[in-house]
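Observations on chain architecture
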Amino acid sequence: MSASTTEEAKTGMKLTLKIWRQPDATSSGKLHTYQLADVSPDMSFLEMLDVLNEELNAKGEDPVAFDSDCREGICGMCGLMINGEAHGPEVTTTCQLHMRSFSDGDVITIEPWRSDAFPVMKDLCVDRQAFDRIIQSGGYISVNTGSAPEAHSVQVPKDAADRAFDVATCIGCGACVAACPNGSASLFIGAKITHLGELPQGQAERDSRVVDMLGQHDAEGFGGCTNIGECAAACPKEIPLDVISQLNKDLRTAMLHGR
Amino acid sequence: MTDSNYEFSADIEGHADSPAAFSDDAAGYYTLGEPLADTKAPNDLPISERWSTRKFEARLVNPANRRKLSIIVVGTGLAGASAAATLGEAGYVVKSFCYQDSPRRAHSIAAQGGINAAKNYKEDGDSVHRLFYDTVKGGDYRSRESNVYRLAEVSTNIIDQCVAQGVPFAREYGGLLDNRSFGGVQVSRTFYARGQTGQQLLIGAYQALERQVAAGTVTTYTRHEMLEVIVVDGKARGIIARDMVTGEIETHLADVVVLASGGYGNVFYLSTNAMGCNVTAAWRAHRKGAYMANPCYTQIHPTCIPVSGSHQSKLTLMSESLRNDGRIWVPKDKADCAKDPRDIPEEDRDYYLERIYPSFGNLVPRDIASRAAKYQCDDGRGVGPEVDGVRRGVYLDFADAIKRLGRDAVESKYGNLFDMYARITGEDPYEVPMRIYPAVHYVMGGLWVDYDLQSTIPGLFVTGEANFSDHGANRLGASALMQGLADGYFVLPHTIRDYLADGPFEPISEDHPAVVEAQQNVQDRINHFLTVDGTRSVDSYHRELGNIMWEYCGMERTETGLKKAIELIRTLKDDFYRNVKVLGTADSLNQSLEKAGRVADFFELGELMCIDALNRRESCGGHFRGESQTEDGEALRHDDQFAYVAAWEWGGEDGQPVLHKEDLTYTAIEMKQRSYK
């Protein structure tokens, strides 16, 4: 597809992009400035970066590395600090942010997630395996395939099921960590504790789950929670801050039980 | 992606075998090989006894021996994560690979609608047999009946397993699971978690997988891409993978390899698939001897958000349920296409589905709705922005529904979809009619497998969308999730043990000639891409290939168009190898290099899809041949000539693909032709 629309040409924006470039995990990085013209307001933020990369490639410059996969706001792979905000100015994922949220002449600073626990691998790509290791430490219900009872043998009150679902919508993108001045992953853990803790199936391991997940959280180098609330404000799935209260409550209960 | 299937009971018998002279359209593009048959299903038994019999007859592996057996699983979507977790629980040594940064990101996560299971909780007449029947019929009688029956049988276990894992399915006030009827299916058998069923099921499987990582049975390799399968003495014995961060080419050896690498819809460039979805794992296996079955069977979804410009990188699906209340139209007069739709009076609108299909109107099946939209736009009556000189969109108008039901009722039913539409397009669908256009969504074709899910390479098993087995020529809504989890949790773990019972196989070393050759192939390809130093980007080739596929191997295929497409693909592929521009190095994170390898494989797949479509001079399910339609423009099957699975063998770099036919016979169901007029 070569020709773009006449409507686009009329509304094409000129932008100045300041983008974090870092060759690999061990090198240091810095912001590079690029000019991009003819940006359509209908482009997604990542499509805008695709266009930049096509231009860089044509000029023989290394394209900007950034992560994305589903580009529909559900896989959690994308995530950029845009003008200092995780996922940018709207409450959504970076892939669902569109250029109509910006204006002609804007200067946009684009950086990777900021957190010691998420080291930069190249440019805007970070390593979030710490989240997987937190799940490994207890973010599950232990049930082997084939050993499950009939689904209707346990009733789950609708409000508990709904609450579990609301917090189970976490996509593991890491915006909560990137937004937190302490670099804490408490919202991520709180969401999982609450999801599994609301359900009867999740009770048997409830005490060990919270203790083990928090232990892993600290071992990974995430910071402590001081109830600032930036995490919930940045969360594209609007996980509420009260999951952290639930996390603390479950931790107290576990300690009372001698864990 | 919300899926629904508009299925109706308006079967008309007797059309299926309407006589047509056999026309070997693909002559000159292929050679005919020996027929192929599945030998694993006990087909002499009644259909309801086949799976239990096979499970019993499949040999067991002593628990103490399992830790001596190693399994590689490529892909961590529903089919891969569930398989890796279950095999880990059984005690095998499992290595799990994905190209994403975490197993939780696989594209199963984007499925919106739900998962079917024959629980019959609504006591509305559902049963294993009815789910089986609906699936075979929905697949337009092009699937293998033994496999489909088994899928329906194990569907109920999936729900039990997922509930036990903590998947928060929707519930009723009494605390029991809620079900809905999906699309036009007449029973309520679809379990769902609001519009995010795929996400919740995948998180369940991911957590089960991570639990096994903690238990030490599974090792995960994220940001790794499989680039070659290692075949030693005719058996799959491992893979070559590239660490996408360091660029290191790694050899992983095992006793058996499982591909759960998903579908290849991205051959069309624009699709509802994730950016990274690709055919490379499956295609490299194909080139090593795994047959590719029915590659032309593609599902195109009618209700996606249209392309807004040449920058478009992917398409987003909206639930088909929108068609329950929205009315689809285009302007009667081409001169009105650029106007504000609210200024076009009622008498100047063409509600074409209601006009052509008065009994089903806007609820005609997916393929009919998709094709009809294409015809309107080809005719110059499409709406929305002009991209490459054509407006590709039709209106989906809720003005009547808002008038009839009130804005609140429409909002409560479709609010989240309207929000999504507004976010992407910047238009308010409560005020201005939505614009929709069809997009590629799912592929029913894939690597050929037998009843054990084993490919034509012994020791190479294939699960989920990557195989061809269960959906025939068209997949029912809410059945993709069912198949992925059925394969991974309940089918493969039983069938793979029969193969592993012969193991552990003789250890092979990394300097075995087959391993060295596989490594060399990978290295050569990478070196080639980095040294071409041409002028065009990988994406520009991919986009052009996608345009060819969409134009000639999309919603409607013809002999002339397909032959033209094959020539265009060959020319473009040749240019790609000589003129692509890939910057950077092999030993670093290099996203252009990753894409180059995937696009190279898409070229070869695209050509085979066209040859398969050319050969199949009939219309069935998602495959519509212009030459095979009724007087009313309906799809027309030719069961006398095409009631077979087309399994293609790689014919070599300069050779022709070899067609092996697996005849489809039905003992438990009668073949019928559909009609929607």
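Quick caveat, the model's predicted, so the values are computed rather than measured.

1. Describing the overall build of chain A
A tally of helices and strands in chain A yields 9 helices and 7 strands. With respect to the principal axes defined by its C-alpha atoms, chain A has extents near 65 × 40 × 35 Å. Sequence separation of 24 or more characterises 73% of the internal contacts of chain A that already satisfy a separation of 6 or more.

2. Examining the overall build of chain B
Looking only at helices and strands, one finds 17 helices and 22 strands in chain B. Over its C-alpha atoms chain B spans a radius of gyration of 24 Å, differing by no more than 12% from the 26 Å that the globule rule assigns to 677 residues. Dimensions of chain B along its principal axes, counting C-alpha atoms only, are 75 × 65 × 50 Å. A buried classification covers 61% of the 677 residues belonging to chain B. Counted over contacts in chain B with a minimum sequence separation of 6, partners at least 24 positions apart contribute 74%.

3. Things to note about the domain arrangement of chain B
All names here are of chain B. By domain assignment, chain B separates into domain 1 (47–299 + 442–500), domain 2 (301–440) and domain 3 (513–663). For domain 1 versus domain 3, the distance between C-alpha centres works out to 24 Å. On the domain 3 side, the residues contacting the 42 residues of domain 1 number 45 residues. Ranked by residue count, the leading element in the side of domain 1 that touches domain 3 is strand β7 (residues 224–232), at 6 residues. Within the side of domain 1 that touches domain 3, the residues separate by chemical class into 25 nonpolar, 12 polar and 5 charged.

4. Quick notes on helix α14 (residues 538–552) of chain B
In a regular helix each residue adds 1.5 Å, so 15 residues correspond to 21 Å; α14(B) covers 21 Å between its end C-alpha atoms and thus fits that length. B:Val538, B:Tyr541, B:His542, B:Leu545, B:Gly546, B:Ile548, B:Met549, B:Trp550 and B:Tyr552 are the residues of α14(B) that are buried.

5. Here's the deal with the sheet that holds strand β18 (residues 434–443) of chain B
All names here are of chain B. Here we have 5 strands laid out as an open sheet, ordered β12-β18-β17-β13-β14, and antiparallel in their pairing. The sheet is open, and its two edges are formed by β12 (298–304) and β14 (349–350), each paired on a single side. By the bridge criterion, 5 bridges tie β12 to β18 in an arrangement that is antiparallel. When the sheet's bridge partners are listed, Cys304 is paired in β18 with Tyr437. Where helix α9 (residues 366–378) meets the sheet, it contacts β12, β13 (327–331), β17 (394–397) and β18, and its direction lies at approximately 65 degrees from that of β12.

6. Observations concerning the packing of helix α13 (residues 513–532) of chain B against helix α16 (residues 591–615) of chain B
All names here are of chain B. Packing of α13 against α16 leaves a shortest axis separation of 10 Å and a crossing angle of 115 degrees. When the axis of α13 is compared with that of α16, the two are roughly perpendicular. Where α13 crosses over α16, the two elements pack in a sense that is right-handed. Every residue of α16 that contacts α13 at Arg525, Ile526, Phe529 and Leu530 is listed here: Leu593, Ala596 and Gly597.

7. Observations regarding the pairing of β7(B)
All names here are of chain B. Of all 9 residues in β7, 8 are buried, a share of seventy percent or more. Here β7 runs beside strand β8 (residues 235–243); their pairing, made up of 8 bridges, is antiparallel. What sits directly across from His224, in β8, is Asp243. Taking the residues between adjacent antiparallel strands as the criterion, β7 and β8 are bridged by 2 residues, where Asp233 takes a positive phi near 50 degrees.

8. Some remarks on the interface of chain B and chain A
Counting residues at the interface gives 69 residues for chain B, matched by 72 residues for chain A. Of all the elements in the fold, those that place two or more residues in the side of chain B that touches chain A are α3 (78–90), α5 (145–165), α6 (197–215), β15 (386–387), α11 (407–425), α14 and α16 of chain B. With 9 residues, the single largest contributor to the side of chain B that touches chain A is α6(B). Grouping the constituent residues of the side of chain B that touches chain A by class yields 23 nonpolar, 29 polar and 17 charged.

9. Details of the domain arrangement of chain A
Accessible area lost when the parts come together is the quantity often used to give the size of an interface. Residues and elements named next belong to chain A. Each assigned domain of chain A is listed with its residue range as follows: domain 1 (6–122) and domain 2 (128–144 + 155–256). If you look at the interface, domain 1 gives 18 residues, while domain 2 gives 17 residues. Of the residues that constitute the side of domain 1 that touches domain 2, the class distribution is 8 nonpolar, 7 polar and 3 charged.

10. Focus: the nonpolar core
The biggest cluster of nonpolar side chains holds 291 residues, and the ones touching the most others in it are A:Cys176, B:Val258, B:Leu259 and B:Leu447. A total of 13 residues in this core trace back to one element, the largest contributor, which is α16(B). In this structure A:Cys176 touches A:Ala185, A:Leu187, A:Phe188, A:Cys231, A:Ala234 and A:Cys235, once residues within four positions along its chain are discounted.

11. What about the confidence of the model for chain A?
Per-chain confidence: chain A averages 95 in pLDDT, with 96% of residues scoring 70 or above. Confidence drops under pLDDT 50 across residues 1–10 of chain A; counting only partners more than four residues distant or on other chains, this segment forms 19 contacts.

12. What about the sheet that holds strand β2 (residues 70–74) of chain B?
Residues and elements named next belong to chain B. A sheet is described by the order of its strands in space; here 5 strands give the open sequence β6-β3-β2-β10-β20, paired in parallel fashion. The sheet is open, and its two edges are formed by β6 (218–221) and β20 (460–462), each paired on a single side. Pairs of neighbouring strands in the sheet enclose a mean axial angle of 20 degrees, with direction left out of account. Pairing between strand β3 (residues 93–97) and β6: 4 bridges, direction parallel. Following the sheet pairing, Phe97 is matched in β6 by Tyr221.

13. Topic: the pairing of strand β10 (residues 256–259) of chain B
All names here are of chain B. Taking every second residue as pointing to the same face, both faces of β10 are buried, with Val256 and Val258 on one and Val257 and Leu259 on the other. The sheet contact formed by β10 and β20 spans 3 bridges and is parallel. Opposite Val258, over in β20, you have Phe461 as the bridge partner.

14. Considering unusual backbone geometry
Residue and element names in this part refer to chain B. Here Gly503 and Pro504 are connected by a cis peptide whose omega angle stands at -5 degrees. Of note, Tyr269 is a non-glycine position whose phi angle comes to about 60 degrees, a positive value. Tracing the backbone through its elements, the reader meets Tyr269 in the loop between β10 and α7 (280–287).

15. Focus: α5(B)
An α-helix turns once per 3.6 residues; consequently, residues spaced three or four apart project the same way. Residues and elements named next belong to chain B. Taking 1.5 Å of rise per residue, 21 residues should cover 30 Å, and α5 covers 30 Å from first to last C-alpha, within 8% of that figure. Remark: the principal bend of α5, roughly 35 degrees, maps to Val154. The element α5 is largely enclosed, with a buried count of 19 among its 21 residues.

16. As for the packing of α14(B) against helix α15 (residues 559–579) of chain B
Residue and element names in this part refer to chain B. Contact geometry of α14 with α15 gives a least axis separation of 9 Å together with a crossing angle of 170 degrees. What the angle tells us is that α14 and α15 run roughly antiparallel. In contact with Tyr541, Glu544, Leu545, Ile548 and Tyr552 of α14, α15 contributes Gly561, Leu562, Lys564, Ala565, Leu568, Ile569, Leu572 and Phe576. Looking at the contact of α14 with α15, its residues break down into 10 nonpolar, 1 polar and 2 charged.

Cut-offs applied
Residues numbered from 1 in each chain as written. Chains lettered and ligands numbered in written order. Predicted model: local features only at pLDDT ≥ 70, side-chain atom pairs only at ≥ 80, totals over all residues. Helix = DSSP H or I, 4+ residues; strand = E, 2+ residues; numbered from the N terminus. Contact = placed C-beta atoms within 7 Å. Rg over C-alpha atoms; globule rule 2.2 N^0.38 Å. Buried ≥ 20, exposed ≤ 12 C-beta atoms within 10 Å, placed from the backbone. Domains from an automatic or database assignment. Nonpolar A, V, L, I, M, F, W, Y, C, P; charged D, E, K, R; others polar. Expected span 1.5 Å × (residues − 1). Pairing = 2+ DSSP bridges. Axes fitted to C-alpha atoms, helices over the stretch in contact; angles between N-to-C directions. Parallel < 35°, antiparallel > 145°, perpendicular 65-115°, else oblique. Left-handed = near helix turned anticlockwise from the far one by under 90°. Core = buried A, V, L, I, M, F, W, Y, C linked by C-beta atoms within 7 Å. pLDDT = per-residue confidence, 0-100. Bend = angle between axes of the 7 residues up to and from the residue.

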